[in-house]
Amino acid sequence: MAGATAGERPPAPKRPLAGRISNVACGKHVFDADFDSGNCAHVEAGAAPAEYHVWVSPDAAGTPHEVQLKTWFHFSVRGGERASWISITVHNMNAQTKLYKNDHRPVYRAGDS
């Protein structure tokens, strides 16, 4: 087979992991969660031009270890204009009040894609 040497398995065809979006265009941006620990299940544009709503999938979705907890989110966003802001509302998470009481906050990174 092309692409595999003797004794190696050929590469599997690329397809999105269960419960994760893969390069979904929404407005001027592209959302992706098709990577290790990605868990964005759905994205929709909001009422404003740079407003988005994302829904997280259950922890360990699509694996034998899936549970109905939704305690974190991890996805990427590409596109848009340099030095512009977007608003993202994360839906479908469990209550995280204990984290915020202890001054824990979501982490984000903005940079060139």
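Since the model is a prediction, treat every value here as computed from it, not as a measurement. (Residues numbered from 1 in each chain as written. Predicted model: local features only at pLDDT ≥ 70, side-chain atom pairs only at ≥ 80, totals over all residues. Heavy atoms only, no water.)

Participant: Sorry, what's going on with the environment of Y52 here?
Facilitator: Topologically, Y52 is positioned in strand β4 (residues 51-56). Note on Y52: relative accessible area 1%, which makes it buried. Spatially, the C-alpha atom of Y52 lies 6.1 Å from that of S87, the residues being 35 residues apart in sequence. Aside from chain neighbours lying at most four places away, what touches Y52 is C26, G27, K28, H29, F31, E44, A45, G46, I86, S87, I88 and T89. (Helix = DSSP H or I, 4+ residues; strand = E, 2+ residues; numbered from the N terminus. Buried < 20%, exposed > 50% of the residue type's maximum accessible area, 1.4 Å probe, protein only. Contact = heavy atoms within 4.5 Å.)

Participant: Looking at this structure, I do not really get the sheet that holds β4. What am I missing?
Facilitator: One key point about sheets: their strands pair by backbone hydrogen bonds, in either a parallel or an antiparallel sense. The 3 strands lie next to each other as β3-β4-β6, forming an open sheet whose pairing is mixed. Each edge of the open sheet is held by one strand with a lone partner, namely β3 (40-45) and β6 (87-91). Sheet twist, expressed as the average angle between the axes of neighbouring strands with direction ignored, equals 25 degrees. The pairing of β3 with β4 spans 5 bridges and is antiparallel. Directly across from A45, in β4, lies its bridge partner Y52. (Pairing = 2+ DSSP bridges. Axes fitted to C-alpha atoms, helices over the stretch in contact; angles between N-to-C directions.)

Participant: Sorry if this is basic, but what is going on with the sheet that holds strand β2 (residues 29-32) here?
Facilitator: With antiparallel pairing, the 3 strands of this open sheet are ordered in space as β1-β2-β5. A strand with exactly one partner marks an edge of an open sheet, and here the two such strands are β1 (24-26) and β5 (76-79). Going from strand to strand, the sheet's axes swing by 30 degrees on average, the running direction of each strand aside. Bridge analysis of β1 against β2 gives 3 bridges, and the strand direction is antiparallel. Within β2, the residue paired with C26 across the bridge is H29.

These results come straight from atomic positions and should not be treated as a statement about function.
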